[in-house]
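# A structural walkthrough
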Amino acid sequence: MAGALQAVDTVGVVGAGAMGRGIAQVGMTGGMAVRLFDAAPGAAGKAAAAISAQLDQMVAKGRLDAAAAAAAKARLTVIETLEEMAPADLVVEAIVENLSIKQEVFRKLEAIVRPDALLASNTSSLRIASIASACRRPERIAGLHFFNPVPLMKLVEVIRAPASSDATIATLVGVGERMGRVPVVVQDSPGFLVNLGGRAYTQEALRIVSEGVATPAQVDAVMRDAWGFRMGPFELMDLTGIDVNFPVSQIIHEGYFFDRRLATTPQHQLLRESGQFGRKSRRGFFDYDEAGKASVPSPDAPSSTPPAARAVLAEEDEALGELLRSLGFEISGFDDGEAAILCAPLGEDCSTYAARMKLDHRRLFALDIAGKLDRRLTLMHAPGTRRDLLDGLVARLHEAGRAVTVINDSPGFIGQRIAAMVANLGCEMAQIRIATPSDIDKAMTMGLNYPFGPLALTDAMGPAAVHTVLVQLQAITGDDRYRPSLWLRRRAQLGLSALTED
């Protein structure tokens, strides 16, 4: 990275809440002197005590040497006035998400610190350019966006505003590394990288539920068992808090001038307006007891009928045929009008498939074979389905040791839809130069604990397959929400990896 590194030996932190405490702690353990300030009387002192206790706990658990902990504690100075930030080489602001208040703090800091000292904001939703507009020297201002809890979350986004100098960005990258974080340079934009990239996973899940395709419990089970995500989108939203993720979704949607790909749903707003925030209110998409344990309805389809023995393939499909035989089905070449007809469409729903292939929609069932198949299978049907055939299929799959999620008609099932939208948003972030393709994947895996970055996911599914799913979704729904990114389209056309840079 271009730009000369500046020496940063003393870091100031404005704001002693959870984020400010965490930033101060990693600065101290990173070998820098830290000056901690909070406008609320006594707040910085309480934060210092909490940091000290945290360091003692790390020593007790063998994660930090006692001498190193003592040295870190000695680097912290609690200050009573903002003017005492004067010796700082870098000041990081971590206060309330209010633009006018942040601008006022930055104006004051600019008059206090040396002309070569850097100023950074830990904001998660406000543009750095807007904050820096209140200052005379915006070139020394950038974003330094940590994730909560700071000592455990290794990622830090270094946000480059239009006026940020190369030296400022290079220095903040170095500071992040000294703090033991993994810095990713991101362009100044609504939601930056991780908060923007995270919209697809939850908001497409919301869309699926709003269409009556499946329940929140079913969506979560599919994304965990068949697609490898650590948490389903609905349990994730309940954990982060709907009072947090709904406003962030709105800010990002508005910030990108109401791009349909970033739109949430009325149900999301309804839960927020009714105070059903998730775990913190003991009710969200799921209900929670006092210990925070969720009451989640079963996502598995029941069946008490005899297992189906025979199935007919809708068309020649080697992968589907091999799967069905491994599950104990006899694949019949003769259709007597009574057997279930099986297909494995990419991006299509059963209704569209039945109409295109001129098949009996009552006997047509679709299996999603795009994800992992060892634990859970998703079985889709059209309106007017024959329930006796459906129950027989479920019984056969249960007998073969698979959990089964039965869903209503949906182009792209559950997993294909959500995975394609995650992949497409990652490609769009690469297209608009939010960050480099490799940094997008790095940030999304570290910041959100995804099993893979969106561009790696694109490659795993195949860029052409992802593009097909989105084209089908857009054609069937008529919704611009599923518009493929040009980054994806070009790499699908040329047979290139989604990580291929221009």
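Heads up: these notes are all about the structure in this document. Keep in mind the model is a prediction, meaning the values are calculated, not measured. Per chain, residue numbering runs from 1 following the sequence as it is written. The predicted origin of the model limits local features to residues at a pLDDT of at least 70 and limits the giving and counting of side-chain atom pairs to 80 or more, whereas totals for whole chains, interfaces and linings rest on all residues. Only hydrogens and water are set aside; all other atoms, that is, all heavy atoms of the structure, feed into the side-chain values.

## Focus on the overall build of the protein
To be explicit about the condition: The helix count covers DSSP runs of H or I at least four residues long, the strand count covers runs of E at least two residues long, and both are numbered beginning at the N terminus. Radius of gyration means the value over C-alpha atoms here, while the globule rule gives 2.2 Å times the residue count to the 0.38 power. Note on classification: 1.4 Å probe, protein chains only; a residue is buried when its accessible area is under 20% of the maximum for its type, exposed when over 50%, partly exposed between these limits. The criterion used for residue contact is that any of the two residues' heavy atoms lie within 4.5 Å.
When you go through the protein residue by residue, the secondary structure sums to 20 helices and 16 strands. Compactness check: the protein gives a C-alpha radius of gyration of 26 Å against a globular reference of 23 Å for 502 residues, within 12% of the reference. For the protein, the spread of C-alpha atoms along the three principal axes comes to 85 × 50 × 40 Å. Relative to its 502 residues, the protein shows a buried fraction of 54%. In the protein, the proportion of contacts linking residues at least 24 apart, taken out of those at least 6 apart, comes to 70%.

## Topic: the sheet that holds strand β6 (residues 141–146)
Rules: Note on pairing: DSSP must find at least two bridges between two strands before they are called paired. All axes are obtained by fitting lines to C-alpha atoms, using only the stretch in contact for helices, and the reported angles, taken between N-to-C directions, cover 0 to 180 degrees.
The eight strands lie next to each other as β3-β2-β1-β4-β5-β6-β7-β8, forming an open sheet whose pairing is mixed. Looking at strand neighbours, the two that pair on one side only are β3 (76–78) and β8 (182–187), the edges of this open sheet. Neighbour-to-neighbour, the strand axes of the sheet open up by a mean angle of 25 degrees, direction not taken into account. Note: strand β4 (residues 90–93) against strand β5 (residues 118–121), four bridges, orientation parallel. Note on β5: the bridge partner recorded for Glu93 is Ser121. Across the sheet, helix α1 (residues 18–29) is in contact with β1 (10–14), β2 (33–37), β3, β4 and β6; its angle to β2 comes to roughly 165 degrees. Its contacts with the sheet place helix α17 (residues 437–448) against β7 (155–160) and β8, and it is angled at close to 120 degrees to β8.

## What to know about the pairing of β1
As a reminder, the rule being used: With strands facing away from the observer, any crossover in which the path from the first strand over the helix to the second runs clockwise is taken as right-handed.
Most of β1 is tucked away, with five of its five residues classed as buried. The two faces of β1 match: Thr10, Gly12 and Val14 on one face and Val11 and Val13 on the other face are all buried. Note that β1 and β2 share five bridges and pair parallel. Looking across to β2, one finds that Val11 is bridged to Val34. The parallel pair β1 and β2, bridged by α1, forms a crossover whose chirality is right-handed. Sheet topology places β1 next to β4; four bridges connect them, and they run parallel. From the neighbouring strand, Val14 faces β4, where its bridge partner is Glu93.

## Things to note about the pattern of salt bridges
Formally: The term salt bridge refers to a pairing of a side-chain nitrogen on Lys or Arg with a carboxyl oxygen on Asp or Glu at a separation within 4 Å.
One pass over the full model with this rule turns up 36 salt bridges. Asp89 is paired through a salt bridge with Arg114; the nearest N and O atoms lie 2.8 Å apart. Of this pair, Asp89 sits in the loop between β3 and β4 while Arg114 sits in the loop between α4 (99–112) and β5, and the two are 25 residues apart along the sequence. A relative accessible area of 31% means that Arg114 is categorised as partly exposed. We note a salt bridge from Asp243 to Lys280, for which the minimum N-O separation is 3.1 Å. Residue Asp243 is found in helix α11 (residues 242–255), and its partner Lys280 is found in the loop between α12 (266–273) and β9 (287–288); the two are separated by 37 residues along the sequence. A residue is classified by how much of its surface remains accessible, and Asp243, at 26% relative accessible area, is partly exposed. What emerges from the salt-bridge pattern is a single network uniting Asp259, Arg261, Glu428, Asp480 and Arg483.

## A word on unusual backbone geometry
Most of the time, phi is negative for any residue but glycine, and the peptide bond is trans. Geometrically, the link from Asn148 to Pro149 is a cis peptide bond, its omega value of 0 degrees lying close to zero. Looking at where Pro149 falls in the secondary structure, it is placed in the loop between β6 and β7. Positive phi values are uncommon outside glycine, yet Phe413 reaches one of about 55 degrees. Within the element layout of this structure, Phe413 appears in the loop between β16 (403–407) and α16 (415–431). A positive phi is found at Asn449, a non-glycine position, where the angle reads about 60 degrees. On the secondary structure map, Asn449 appears in the loop between α17 and α18 (454–461).

## What about the nonpolar core?
Selection rule: Working definition of a nonpolar core: buried Ala, Val, Leu, Ile, Met, Phe, Trp, Tyr and Cys residues. They are joined through side-chain atoms within 4.5 Å.
Within the largest apolar cluster, 98 residues are counted, with the highest numbers of intra-cluster contacts made by Leu193, Val219, Met223, Phe234, Ile414 and Ile418. The element that contributes the greatest number of residues to this core is α16, accounting for 10 residues. Listed in part, the 39 residues of the second largest apolar core include Val8, Val11, Ala72 and Leu76.

## Quick look at the packing of aromatic side chains
Two aromatic rings are characterised by how far apart their centres lie and by the angle between their planes. This is how the line gets drawn: Centres within 6.5 Å make a pair out of two Phe, Tyr or Trp rings, where for Trp the six-membered ring is used; the pair is then stacked when the planes are under 30 degrees apart, edge-to-face when over 60, and tilted otherwise. Throughout this description, the term charge over a ring refers to an Arg CZ or Lys NZ atom that lies within 6 Å of the ring centre and within 35 degrees of the ring normal.
Overall, the coordinates contain five aromatic pairs when judged by the stated rule. Ring centres of Tyr201 and Phe229 lie 4.4 Å apart, and the angle between their planes is 20 degrees; on these two criteria the pair is classed as stacked. Linking Tyr201 in helix α8 (residues 199–210) with Phe229 in the loop between α9 (216–225) and α10 (233–240), this pair joins segments that are 28 residues apart in sequence. Of the two residues, Tyr201 and Phe229, neither departs from the other in class, the shared state being buried. Taken together, the ring pairs in this structure connect Tyr201, Phe229, Tyr450 and Phe452 into an aromatic cluster. In this arrangement the basic side chain of Arg356 is found over the ring face of Tyr353, its NZ or CZ atom lying 5.1 Å from the centre. The cationic tip of Arg491 hangs over the ring face of Trp487; the distance from NZ or CZ to the ring centre is 3.6 Å.

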